[in-house]
Amino acid sequence: LILNDTPFMRSLNQEFTVQFSYSVHFTNGLFKADNPLLTEVVGSDGSKGPRKILFVVDQIVLEKTPGLLEQITAYVEQNPAVFTLAAPPIVVPGGEACKNEMRLVDQLQESIHRYHIDRHSYVAAVGGGAVLDLVGFAAAIAHRGIRHIRIPTTVLAQNDSGVGVKNGVNNFNKKNFTGTFSPPFAVLNDFEFLRTLNDRDWRAGISEAIKVSLIKDAAFFRFIQDNAQKLRNREMAAMEELIYRCAEMHLQHIGGAGDPFEKGSSRPLDFGHWAAHTLEQLTDYSIRHGEAVAIGIALDSTYSYLAGMLTKAEWQEILELIRAVGFDLYVPELAQPGTEPDQPLAILKGLADFREHLGGELTIMLLERIGRGVEVHEMDVELITRAVRMLEAAQYTSAPQIRN
Ligand SMILES: NC(=O)c1ccc[n+]([C@@H]2O[C@H](COP(=O)([O-])OP(=O)(O)OC[C@H]3O[C@@H](n4cnc5c(N)ncnc54)[C@H](O)[C@@H]3O)[C@@H](O)[C@H]2O)c1
Ligand SMILES: [Zn+2]
């Protein structure tokens, strides 16, 4: 333990390991009186007596599911041995805008303070990825970390953002600048919520599944290809399978790749994201994260093809799938000129932000083939510019080709 003991310095070394574990469940009708899932998840935490639980609900989810607050209240009150409501559910604005308001973090912390939520109590968030990120952050910093249950209500939150270990809000005009790594207590995915999504939000999360399939699993890519039409037509069985497999792959990566808290410079699950994050800002968040990711995937796949890493046939298949599901390949902001003399394109700011967010060497995931990513440490501005032009052409010329 003693590292050094010399006339010049004395040093000690500290080392310990912390084990994290949380369960991710899939269900229908989480708050139905006869659904035991939430009661079992909370009831098995080893505490004696009822635990306090504070619900925070996405306002748009509430608007789309009238009676939700009453349902939540009735569910909790029906199980008094397991939990008690700390207060009536709190409603917060839904969507990315809630992550641009530090005031909401303060308000949530104040509620946690006022209702005496301690480290053995729960804060449960019901909503899209943005609300989960906001509430997760408030829960992570209050008392240095309160038990947090995520109840994701969008495709993207159920298959990606809600099942991971991160939270955060936007600050200084940078996405997710202020946040923590903080694994949830549990994640409860209720497919019923997906029925009220508009078509854009139903579709948006599919891009994260395409992303993970491209870098890790060709068979999953084929599954999405085979089901493109069903997914587009909002067939629930296909979507449930897509979410389950995508969530599973995200969990396997976070738990199994040796860097759950992203201490290294590499972030494979952010394939397609350097451009996506910047596009979200450039469009004033008028396009969804998932829509931006679809374009970012198209861009980095095109770049991979132009760089001679990916075959033309595979590149075309990727663009066809993105189109088949119903995404755009291009928005005008992708070609917007930058403000700095050495930045011909505004999206190039994304590369700098990306490097800075992780620190260390720039590391970008590209494709070697469908199902296999490969990391590079620089990108050629000329090739990026050509890729942008090709996407613009593809957006306005190619008809989507759907396999089945
Ligand atoms: N923490 C992470 O690891 C991580 C990973 C990826 C993405 N994210 C973040 O997730 C956010 C995107 O999440 P998102 O795609 O869920 O978007 P979102 O949370 O903005 O939700 C999209 C819209 O749908 C509404 N909505 C939510 N559920 C609904 C439902 N059941 N019916 C009808 N409308 C509903 C929301 O209020 C919002 O207006 C971004 O902020 C992104 O940065 C976080
Ligand atoms: Zn994403």
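The following refers to the structure shown. (Residues numbered from 1 in each chain as written. Chains lettered and ligands numbered in written order. Predicted model: local features only at pLDDT ≥ 70, side-chain atom pairs only at ≥ 80, totals over all residues. Heavy atoms only, no water.)

1. Remarks on the coordination of the zinc ion (ligand 2)
Coordination sphere of the zinc ion (ligand 2), protein contribution only: Glu208 (OE), His273 (NE2) and His289 (NE2), at 2.0 to 2.1 Å. Counting gaps between the donor residues of the zinc ion (ligand 2) yields the pattern E-x64-H-x15-H. Of this pair, Glu208 sits in helix 8 (residues 206–216) while His289 is found in helix 13 (residues 289–306), placing the two residues 81 residues apart along the sequence. You can call His289 buried: its relative accessible area is 18%. (Donors = N, O, S within 2.8 Å, 3.2 Å for Na, K, Ca; no water. Helix = DSSP H or I, 4+ residues; strand = E, 2+ residues; numbered from the N terminus. Buried < 20%, exposed > 50% of the residue type's maximum accessible area, 1.4 Å probe, protein only.)

2. Here we look at the site of ligand 1
Around ligand 1, a shell composed of 25 residues is seen, among which Glu96, Thr153, Thr154, Lys175 and Thr196 lie nearest. One nitrogen or oxygen atom from the side chain of Glu96 is found 2.5 Å from an oxygen atom belonging to ligand 1. Between a nitrogen atom of ligand 1 and a main-chain N or O atom of Lys166, the distance comes to 3.1 Å. With the chains in place, 92% of the 860 Å² that ligand 1 exposes on its own is no longer accessible. Of all the secondary-structure elements, those providing two or more residues to the shell around ligand 1 are helix 2 (59–64), helix 5 (129–141) and strand 10 (174–178). Classifying every residue of the shell around ligand 1 gives 6 nonpolar, 10 polar and 9 charged. (Near = heavy atom within 4 Å. Polar contact = N/O pair within 3.5 Å; in protein donor to acceptor, adjacent residues only side chain to side chain. Areas by Shrake-Rupley, 256 points an atom, 1.4 Å probe, with all protein chains shown as cover. Nonpolar A, V, L, I, M, F, W, Y, C, P; charged D, E, K, R; others polar.)

3. Observations concerning the environment of Phe172
With respect to the secondary-structure elements, Phe172 resides in the loop between strand 9 (169–171) and strand 10. Phe172 sits in the exposed class, given a relative accessible area of 60%. A sequence separation of 123 residues divides Phe172 from Gly49, and the C-alpha atoms of the two residues are 44 Å apart.

4. Focus: the packing of aromatic side chains
Two measures describe an aromatic ring pair: the distance that separates the ring centres and the angle between the ring planes. Considering all chains together, one arrives at 12 aromatic pairs under this definition. Aromatic side chains Phe220 and Phe223 sit 6.1 Å apart centroid to centroid with 20° between the ring planes, which places their arrangement in the stacked category. In this pair, Phe220 and Phe223 are both assigned in helix 9 (residues 218–226), 3 residues apart and thus about one turn of the helix distant. Of the residues examined, Phe220 reaches a relative accessible area of 0% and is grouped as buried. Phe223 sits in the buried class, given a relative accessible area of 15%. Seen in terms of ring centroids, Tyr330 and Tyr396 are 6.1 Å apart; in terms of plane orientation they differ by 75°. Their pairing is edge-to-face. One end of the pair, Tyr330, is in the loop between helix 14 (312–325) and helix 15 (349–358); the other, Tyr396, is in helix 16 (residues 381–397), with 66 residues separating them in the sequence. In textbook terms, an aromatic cluster arises when at least three aromatic residues are bridged by ring pairs, as seen for Phe31, Phe55, Tyr75 and Phe83. Lying over the aromatic face of Phe223, Arg245 brings its terminal NZ or CZ to 4.8 Å of the ring centre. (Phe/Tyr/Trp six-rings, centres within 6.5 Å; stacked < 30°, edge-to-face > 60°. Lys NZ or Arg CZ within 6 Å of the ring centre and 35° of its normal.)

5. Remarks on the pairing of strand 1 (residues 2–5)
Direction of pairing for strand 1 relative to strand 2 (residues 10–12): antiparallel, over a ladder of 3 bridges. Pairing of Ile2 across the sheet is with Leu12, part of strand 2. (Pairing = 2+ DSSP bridges.)

6. Details of helix 3 (residues 68–77)
Every buried residue of helix 3 is accounted for by Leu68, Leu69, Ile72, Tyr75 and Val76. Buried residues of helix 3, seen end-on, are gathered within an arc of 130° and therefore sit on one face of the element. Turned more than 90 degrees away from the buried face of helix 3, the exposed residues are Glu70 and Glu77. Of the surrounding elements, those touching the buried residues of helix 3 are helix 1 (37–43), strand 4 (51–58), helix 2, strand 5 (83–85) and strand 6 (90–92). (Arc of directions from axis to C-beta. Contact = heavy atoms within 4.5 Å.)

7. Considerations on the packing of helix 9 against helix 14
Contact geometry for helix 9 and helix 14: axes closest at 10 Å, N-to-C directions at 45°. Accordingly, the angle class assigned to the pair helix 9 and helix 14 is oblique. In this structure, the crossing between helix 9 and helix 14 has a hand that is left-handed. On the side of helix 9, the interface is formed by Phe221, Arg222, Ile224 and Gln225, while helix 14 contributes Glu314, Glu317, Ile318 and Leu321. Within the contact of helix 9 with helix 14, the residues separate by chemical class into 4 nonpolar, 1 polar and 3 charged. (Axes fitted to C-alpha atoms, helices over the stretch in contact; angles between N-to-C directions. Parallel < 35°, antiparallel > 145°, perpendicular 65-115°, else oblique. Left-handed = near helix turned anticlockwise from the far one by under 90°.)

8. Here we look at the environment of Val131
Positionally, Val131 belongs in helix 5. By relative accessible area, Val131 is classed as buried at 0%. When the C-alpha positions of Val131 and Val57 are compared, they lie 8.0 Å apart, and in sequence the two are 74 residues distant. If we ignore the near neighbours within four places in the chain, the residues touching Val131 are Asp58, Val92, Pro93, Gly94, Cys98 and Val126.

9. Description of the pattern of salt bridges
For the coordinates displayed, the defined rule picks out 21 salt bridges. For Glu101, the salt bridge identified is with Arg103, shortest N-O distance 3.1 Å. For Glu101, a relative accessible area of 32% gives the class partly exposed. Residues Arg267 and Asp270 are paired through a salt bridge, measuring 2.5 Å at the closest nitrogen-oxygen approach. Put simply, Lys166, Glu262, Arg267 and Asp270 are held in one network by salt bridges that share partners. (Salt bridge = Lys/Arg side-chain N within 4 Å of Asp/Glu carboxyl O.)

10. A few points about the packing of helix 13 against helix 16
Closest axis-to-axis distance for the helix 13/helix 16 pair is 9 Å, and the angle between their directions is 120°. Here helix 13 lies oblique to helix 16, going by the angle between them. Crossing handedness for the pair helix 13 and helix 16: right-handed. Listed contacts from helix 16 to Ile295, Ala298, Leu299, Thr302, Tyr303, Tyr305 and Leu306 of helix 13 are Leu383, Ile384, Arg386, Ala387, Val388, Met390 and Leu391. Considered class by class, the residues forming the contact of helix 13 with helix 16 number 12 nonpolar, 1 polar and 1 charged.

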